[in-house]
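# Fold and geometry: a report
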Amino acid sequence: MGRELEIELPEPLEPFLLPMRHKVARGGRGGAKSHSVAQILVAEQCGRPLLTLCTRQIQKSIKQSVHRLLADTIQKLNVGYYFDVQNTEIKAYHGGGFLFSGLQDHTVDSIKSYEGCDRAWVEEAHSVTRNAAEVLIPTIRKEGSEIYWTYNPNDDGDYVHDSFVVKKDPNAKIVEINWRDNPWFPAVLELERVQLKAINDDLYEHVWEGK
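## Here we look at the overall build of the protein chain
Secondary structure summary: the protein chain contains 6 helices and 8 strands in total. The C-alpha radius of gyration of the protein chain comes to 17 Å, within 12% of the 17 Å expected for a compact globule of 211 residues. Seen through its C-alpha atoms, the protein chain measures out along the principal axes to roughly 50 × 40 × 35 Å. Buried residues in the protein chain amount to 51% of all 211 residues. Excluding contacts between residues fewer than 6 apart, the proportion of contacts in the protein chain whose partners are at least 24 apart in sequence is 73%.

## Things to note about helix α5 (residues 187-199)
With 13 residues, α5 extends 19 Å between its outermost C-alpha atoms, agreeing within 8% with the 18 Å of an ideal straight helix rising 1.5 Å per residue. By the burial criterion, the buried members of α5 are Leu189, Arg193 and Leu196. Down the axis of α5, the buried set is contained in an arc of 70°. They therefore lie on one face. Facing away from the buried side of α5, by more than 90 degrees, are the exposed residues Ala187, Val188, Leu191, Ala198 and Ile199. Of the surrounding secondary structure, the elements contacted by the buried residues of α5 are α6 (201-209).

## A word on the sheet that holds strand β8 (residues 172-176)
If you walk across this open sheet you meet the 8 strands as β3-β4-β5-β2-β6-β7-β1-β8, and the pairing is mixed. The outermost strands of the open sheet, each flanked by one partner alone, are β3 (83-85) and β8. Averaged over all pairs of adjacent strands, the angle between their axes in this sheet comes to 15°, without regard to strand direction. Across 2 bridges, strand β4 (residues 90-92) lies against strand β5 (residues 97-102) in antiparallel orientation. Paired with Lys91 across the strands is Gly97, a residue of β5.

Thresholds applied
- All residue numbers refer to position in the chain's written sequence, counted from 1.
- Reporting in this predicted model follows two pLDDT cut-offs: at least 70 for local features of residues, and 80 or more for side-chain atom pairs to be given and counted; totals over whole chains, interfaces and linings ignore these cut-offs and use all residues.
- Water and hydrogen atoms were dropped before computing side-chain values, which therefore reflect all heavy atoms in the structure.
- Numbered from the N terminus, helices here are DSSP runs of H or I no shorter than four residues, and strands are runs of E no shorter than two.
- The size measure is the radius of gyration over C-alpha atoms, and the globule rule it meets is 2.2 Å times the number of residues to the 0.38 power.
- Here the term buried applies to any residue with accessible area under 20% of the maximum for its type, exposed to any over 50%, and partly exposed to those in between, with areas from a 1.4 Å probe on protein chains only.
- Any two residues whose heavy atoms approach within 4.5 Å at even a single point are treated as in contact.
- For a helix, the expected span equals 1.5 Å multiplied by the number of residues minus one.
- The arc in question is traced by the directions running from the helix axis to the C-beta atoms.
- Strands are treated as partners if at least two bridges between them are detected by DSSP.
- Here an angle of 0 to 180 degrees is reported between the N-to-C directions of two axes, which are lines fitted to C-alpha atoms, with helices fitted over the stretch in contact.

Structure below.
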C-alpha cells in the first residue's frame with residue numbers, strides 16, 4: 001500500500017478531492033483542468049491500488065491520450081518509484097494503474113473489459129457522443145467509482161454539457177475554471193491570451209473564457 005500524497009490545486013477544483021460520482025471541469029485554456037485532474041489521479045494511485053481508464057471520443061494512438069501528461073505528473077510529484085511507465089499503459093507497483101483507449105470503436109460488449117476500473121477520465125469531453133457516454137457510464141460501476149469529465153464547452157447541445165450542466169445532474173460536481181483561476185498561469189500563455197483578445201474577441205471568448 002502506498003501513502004497519501006499532498007498536492008496543490010487551483011481553489012475551484014479543491015471540491016474534486018471529495019467523493020462524487022461525476023466530476024465535471026469546464027472552461028477555457030490555461031485553467032489547469034487537465035493538469036489538476038492528472039495530479040488528483042496520480043495522488044490517489046499512491047494511496048491505494050486504483051485502476052483508471054483514460055479515454056476520449058477518438059484516440060488513434062497513445063500520443064492523442066493523456067499518457068504523456070500523467071507520466072510528466074508522476075515525475076513532477078517525484079513518485080516514479082510507485083509506477084512503471086510503459087509505452088501504452090502505466091502500471092502501479094502496488095496494484096492498479098492507468099489504461100488508455102478511445103470510445104469511438106467500443107460497443108457494450110467490447111467495453112466490458114474495463115468493468116474493473118475504479119475511475120475514468122474523459123478528456124475533451126465536449127466531443128463525446130450520447131452513444132459513447134451511455135456505453136461508458138454503466139461500465140464504470142464499482143462501488144465508489146468516479147468519472148472525471150474535462151472540456152472546453154463547444155455547444156449547449158453537446159451531450160456532456162447538456163447532461164451535467166444544463167440539466168443539472170444531482171450526481172455531478174460541476175466546476176467552471178478559466179485562466180484567472182490558475183495561480184500558476186504562465187507568462188507565455190498570458191502573452192498569447194492578450195494577443196488573441198486584441199485580434200478576435202469572439203474566438204478569445206471561446207478559447208480562453210470557455211464560452
